[in-house]
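Structure at a glance
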Amino acid sequence: MSGVRVAILTVSDTAAADASADRSGPTVQSILTKNGYICKHLVIVPDDEIRIRTVVLAWCDQGDVDWIITTGGTGFGLRDRTPEAIKPLLEREAPGLVHLLLSASLQSTPLAALSRPVAGTIRHTLIVTLPGSVKAVQENLAALLNAGVVNHAIELVRGGSGRAVHAQLAAEGVRIPSVTPNLRGHVIAEDVYAPQNVPVAPSTNVDGYALRCADHTHTLALYASSPGHVFRVNTGGPLPAGADAVIMVEDTRLHSTQRTPTGEEFEEDEIETLVQVPRGENVREPGSDVKRGELVLERGTIVNSAGGEIGTLAFVGRTKVNVIRKPVVALLSTGNELLDLQSPHPLPGDGWGGIWDTNRPSLQAAIEGLGYGTIDLGIIPDNLEAHVAVLRKGLESADILLTTGGTSMGVGDLLKPVIERHLNGTIHFGRVSVKPGKPTTFATIPTPGGRSARVPIFALPGNPASALVMFHVFVIPALRKLGGWPELKCRLPSVRVQIQESMRLDPRPEYHRAIIKASPAGFKAYSTGGQRSSRVASLKGANGLIALPARTDKGPSKLEIGDFVEAIIIGELQMEQ
């Protein structure tokens with residue numbers, strides 16, 4: 001974005017007395033000038049609210065400044081009054097920009113939490129307050145200039161639409177693959193129009209004989225061009241010149257055949273017609289299926305595995321199509337006690353050799369079965385350095401991280417502190433009131449300069465059944481959302497089922513693994529047996545999760561055979577035998 005006019009205001013008692021002491025103002029000016037901004041003013045004022053407001057309002061009244069940057073006076077010092085001076089002037093605050101500034105500084109030092117930035121607009125001017133240190137100024141400006149954030153803000157403040165930026169942002173997550181079965185699960189990122197008529201020329205939609213209605217007689221010979229002759233045609237084939245109808249093979253009878261020199265029959269010679277066909281019978285006119293320029297697939301359409309969307313693209317001759325890029329999942333397990341099934345190395349001890357890592361192979365199968373790519377980060381031991389190193393690797397290579405174990409209350413459960421203290425992440429929830437899966441954690445971790453501003457991470461329980469259940473409840477909707485699925489289609493579907501065994505209720509809502517079968521009377525649900533969170537066999541053959549309600553003091557202690565309840569569908573439904 002060119003032509004952005006900037007005014008810089010250094011707020012400092014020291015610099016006001018001696019301009020040579022101002023280092024942050026010239027730093028701002030240098031950075032912005034190198035990035036193509038026009039720095040119209042650089043002024044120094046002391047830490048005085050009235051002086052700060054007077055200068056800022058004068059710049060806004062002149063109307064020749066798009067962006068005002070103040071530097072200094074945002075801390076906790078007794079003379080730090082910049083936020084108090086600026087905030088009352090703002091017509092619209094910009095809390096998102098404030099969050100961006102704090103996040104950028106907190107990556108370098110926890111002392112950034114003592115900064116008190118404000119941001120917003122006065123009429124058509126954007127105002128942002130920065131700290132007074134050169135280092136903080138550099139960090140904050142890098143965050144504001146990254147990915148065109150401040151340019152987009154200024155364009156909107158000026159009264160622009162921001163269409164160019166929106167188009168660029170939309171394109172970043174778009175790829176253009178060939179139309180193959182690998183498209184399944186993608187979301188179409190464009191409106192698809194037919195490039196030509198389908199069919200492009202008159203053709204037949206049945207196997208039969210093309211004829212001219214005016215020449216229709218009871219007995220017709222094949223292939224001659226004179227009246228009274230027909231042409232053998234197959235479904236989808238072009239209509240011969242002069243023909244205007246097609247009679248189906250089923251509506252004819254063989255009258256005579258052609259023979260080879262040795263007397264063997266090899267092809268029809270004459271046929272008898274059993275019905276009269278009108279002009280246009282069994283003929284597909286040009287554009288009768290799809291007309292050129294007709295919208296055949298809308299932006300946001302999900303390419304299902306049933307084949308209809310891929311078939312439509314092939315039908316109109318599209319060889320490539322814009323789709324939203326699917327997220328890539330980085331997958332890891334944590335725990336000293338785990339053994340890799342593919343390279344087992346029994347742990348030293350008194351005969352106890354460890355336990356097999358069940359979660360990675362089962363989750364990888366589920367993820368790739370849904371069409372998402374995975375990066376296997378292996379098993380991570382319970383030490384701080386390994387956690388930080390492997391999580392950083394995942395953040396660099398994937399769109400979402402999926403871990404199992406390490407979120408409970410044990411001494412070796414390091415994941416939450418690593419996310420917060422070493423990766424500057426935010427834990428949005430660290431426990432859920434559900435069975436199984438209580439320790440499930442969801443966080444986001446900032447990734448400046450990465451494919452996205454923040455990478456989500458789901459930390460699932462170490463117990464295998466819990467991990468798979470929480471994957472279906474939480475992770476699949478997140479994967480769909482990241483892949484551009486419409487909001488209402490992100491969650492797995494649910495149906496009302498009739499349970500075929502009594503089921504005890506827990507104080508927490510519970511997802512009971514079950515096999516759901518369709519019957520003439522509706523859907524019936526059969527328990528898969530023991531529901532212990534470690535028993536992954538409870539998901540063997542399961543295609544549903546019965547959503548049992550929490551037990552209440554005044555409610556029943558269990559649901560009885562024949563009761564109805566909602567169930568989430570996680571696999572293909574079966575038919576009742």
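Residues numbered from 1 in each chain as written. Predicted model: local features only at pLDDT ≥ 70, side-chain atom pairs only at ≥ 80, totals over all residues. Heavy atoms only, no water.

**Remarks on the overall build of the protein**
Helix and strand counts for the protein come out as 13 helices and 35 strands. In terms of C-alpha radius of gyration, the protein reaches 35 Å, well past the compact-globule figure of 25 Å for 577 residues. With the C-alpha coordinates of the protein rotated into their principal frame, the extents come out at 115 × 75 × 50 Å. Within the protein, buried positions represent 44% of all 577 residues. Of the contacts formed within the protein by residues at least 6 apart in sequence, a portion of 71% connects residues at least 24 apart. As displayed, the protein has an accessible area near 28,800 Å², and 54% of this comes from carbon and sulfur atoms. (Helix = DSSP H or I, 4+ residues; strand = E, 2+ residues; numbered from the N terminus. Rg over C-alpha atoms; globule rule 2.2 N^0.38 Å. Buried < 20%, exposed > 50% of the residue type's maximum accessible area, 1.4 Å probe, protein only. Contact = heavy atoms within 4.5 Å. Areas by Shrake-Rupley, 256 points an atom, 1.4 Å probe, with all protein chains shown as cover.)

**A word on the side chain of T252**
By the element assignment, T252 lies in strand β15 (residues 252–259). Of the polar contacts made by the side chain of T252, one reaches the backbone oxygen of V249; its length is 2.8 Å. Among all residues touching T252, those that are not within four sequence positions of it are Y209, I247, I271, E272 and L274. (Polar contact = N/O pair within 3.5 Å; in protein donor to acceptor, adjacent residues only side chain to side chain.)

**Structural notes on the pattern of salt bridges**
As enumerated under the stated definition, the model contains 21 salt bridges in all. In this structure, D61 engages R123 in a salt bridge whose closest nitrogen and oxygen atoms are separated by 2.5 Å. Of this pair, D61 sits in helix α3 (residues 49–62) while R123 is found in the loop between β5 (119–122) and β6 (125–130), placing the two residues 62 residues apart along the sequence. The closest approach of N and O atoms between D289 and R284, which form a salt bridge, is 2.5 Å. Linked by salt bridges that have partners in common, D340, D357, R360 and D376 make up one network. (Salt bridge = Lys/Arg side-chain N within 4 Å of Asp/Glu carboxyl O.)

**Side note on helix α9 (residues 308–315)**
For α9, every residue scored as buried is listed here: E309, I310 and L313. Buried residues of α9, viewed axially, fall in a sector of 100°; they line one side. Lining the buried residues of α9 we find β9 (192–193) and β18 (295–297). Count one or two residues on from α9 and you reach G317, which has phi positive near 85°. (Arc of directions from axis to C-beta.)

**Focus on helix α5 (residues 95–106)**
Between its terminal C-alpha atoms α5 stretches 16 Å, which fits the 16 Å expected from 12 residues at 1.5 Å a residue. Listed in full, the buried residues belonging to α5 are L97, V98, L101, S103, A104 and S105. Residues of α5 that are buried make contact with β5, β6, α6 (134–145) and α7 (149–157). (Expected span 1.5 Å × (residues − 1).)

**Re the nonpolar core**
Ranked by internal contacts, the top residues of the largest apolar core, which has 34 residues, are L402, F458, L460, M470, F471 and Y511. Of all the elements in the fold, those that place two or more residues in this core are β20 (328–334), α10 (359–369), β24 (400–404), β27 (454–460) and α13 (464–482). At 11 residues, α13 tops the list of elements feeding residues into this core. Grouped together as the second largest cluster of nonpolar side chains are 22 residues, I8, L101, L126 and V150 included. (Core = buried A, V, L, I, M, F, W, Y, C linked by side-chain atoms within 4.5 Å.)

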